[in-house]
Amino acid sequence: MKHLSEYRDATLLKPLIAGIQTMSTQPWRIMEVCGGQTNTIVRYGLEQCLQPMISLLHGPGCPVCVTPPCYLDAAQSLASRSDVVLCTFGDMARVPGTDKSLLDIKAEGGDIRTMYSPLDAVTLARSEPEKQIVFFAIGFETTAPLVALSIVQAAHHGLRNFSVLCAHVLIPPAIEALLQFPEVKIDAILAPGHVCTVTGTREYEELHEMYGIPIVITGFEPADILQGVSEAVRCLESHESEVTIQYSRAVTAAGNIQAQRLIEQVFTVCDRDWRGIGSIPASGLEIVPAYQGFDAVDRFALELQPSPQTHDCCGRVLRGSLSPQECPHFGTTCTPQSPIGAPMVSSEGACAAYIQHARHDQISRSFQGR
Ligand code: SF4
């Protein structure tokens, strides 16, 4: 594995772009699987800077976007109960389930509170013992340790009114699923730097051994992403393939051992349904039997039926086979104020990023000195 010294200076963007353009002798398709990277790419117009030789594909890197409707429906049924306070991250409130969003349930009187941390939900459970406090946990390996810690804390305090509706998903199995999809040809991967701060690089080494494509573990600033693309193109052009850490200011091969132990203590790996992709083996986390009392599925006897994959356009955007602007609903019947699909809700969703950063052409021209 290789570590790169990093560029963070914006004045180096033009030389990075020029270097990528010079190196590229044929078109390459490079996918990022991180909503933060997608937002940076769209915000700074990096796609336009690198075309026509480099296509940047946006993968399922937005946790809000990939949470399947069955979990939204379960969260809504919990929030409709008079004895439940449903706590979740802000963006989840607007994501459509099968028929409604949590915001609709709130308008109908449901007690839904947005929080930055699951630990705040534990505090709430201690202060409101007459209520059942359910934390709707979504996200990748980055948020899972804090949710695990909230369960450990709730167990420590002997709380009987705190539980977690756990919809956590894991990135490497999703990358593997996409590499097996015939509809999307991917030449190289920009792996999510923030996820790898927790997990380390082992699973990406395994993916690389199986599929033989370059994987660059990359940060989120424009220079990070351009350097990640540059390394991917260098590998592709020289027929070399390896795992490289671009985001070495935060990622180590071993990752955060303490966070990994917390995840292992509280969760076990399970198959999981992804919105827009379908069921992916070993791609989710569920609560282990030792902490079953804190599992909202168990406490409230919830049935999570596999969700119908509605709106194929949203699925194709999440799989990187359709650009948001190619969707007939984009900016017309689907807007941030009235989203049809999850990728239009969160700022990490590709469709929302494209709408939000409509100035990207202008910015990309300034990078290129036009
Ligand atoms: S514009 Fe709306 S309907 Fe189209 S893919 Fe994006 S979220 Fe889905």
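Report follows, based on the coordinates. (Residues numbered from 1 in each chain as written. Predicted model: local features only at pLDDT ≥ 70, side-chain atom pairs only at ≥ 80, totals over all residues. Heavy atoms only, no water.)

Another aspect to go through is the sheet that holds strand β7 (residues 162-168). Read from one edge to the other, the open sheet built from 4 strands follows the order β5-β4-β6-β7, with strand pairing classed as parallel. One side of each edge strand has no neighbouring strand; the edge strands of this open sheet are β5 (112-114) and β7. Across the sheet, the mean angle separating the axes of adjacent strands is 25° when strand polarity is ignored. Strand direction decides the pairing type here: strand β4 (residues 84-88) and β5, joined by 3 bridges, are parallel. The partner of Cys87 across the bridge, within β5, is Arg113. Relative to β7, helix α8 (residues 144-156) is tilted by about 160°, and along the sheet it contacts β6 (132-139) and β7. (Pairing = 2+ DSSP bridges. Helix = DSSP H or I, 4+ residues; strand = E, 2+ residues; numbered from the N terminus. Axes fitted to C-alpha atoms, helices over the stretch in contact; angles between N-to-C directions. Contact = heavy atoms within 4.5 Å.)

Turning our attention to the pattern of salt bridges. A side chain of one charge can pair with a side chain of the opposite charge when the charged atoms of the two come close. Enumeration according to the criterion identifies 13 salt bridges in this entry. Arg234 is the partner of Glu242 in a salt bridge, and the nearest nitrogen-oxygen pair spans 3.3 Å. The partner of Asp312 in a salt bridge is Arg319, and the shortest N-O contact between them spans 3.7 Å. On the accessibility criterion, Asp312 (48% relative accessible area) is partly exposed. Connected through salt bridges with shared partners, the residues Glu231, Arg234, Glu240 and Glu242 form a single ionic network. (Salt bridge = Lys/Arg side-chain N within 4 Å of Asp/Glu carboxyl O. Buried < 20%, exposed > 50% of the residue type's maximum accessible area, 1.4 Å probe, protein only.)

Further remarks concern helix α1 (residues 13-23). By the burial criterion, the buried members of α1 are Leu13, Leu16, Ile17 and Ile20. Along α1, the residues classed as buried sweep out an arc of 95° about the axis, all on the same side. (Arc of directions from axis to C-beta.)

Relative to the assigned elements, Met53 resides in the loop between α3 (46-50) and β3 (54-58). In this structure Met53 comes out as partly exposed when scored by relative accessible area, which is 26%. If sequence neighbours within four positions are ignored, Met53 has contacts with Ser24, Thr25, Gln26, Pro27 and Trp28.

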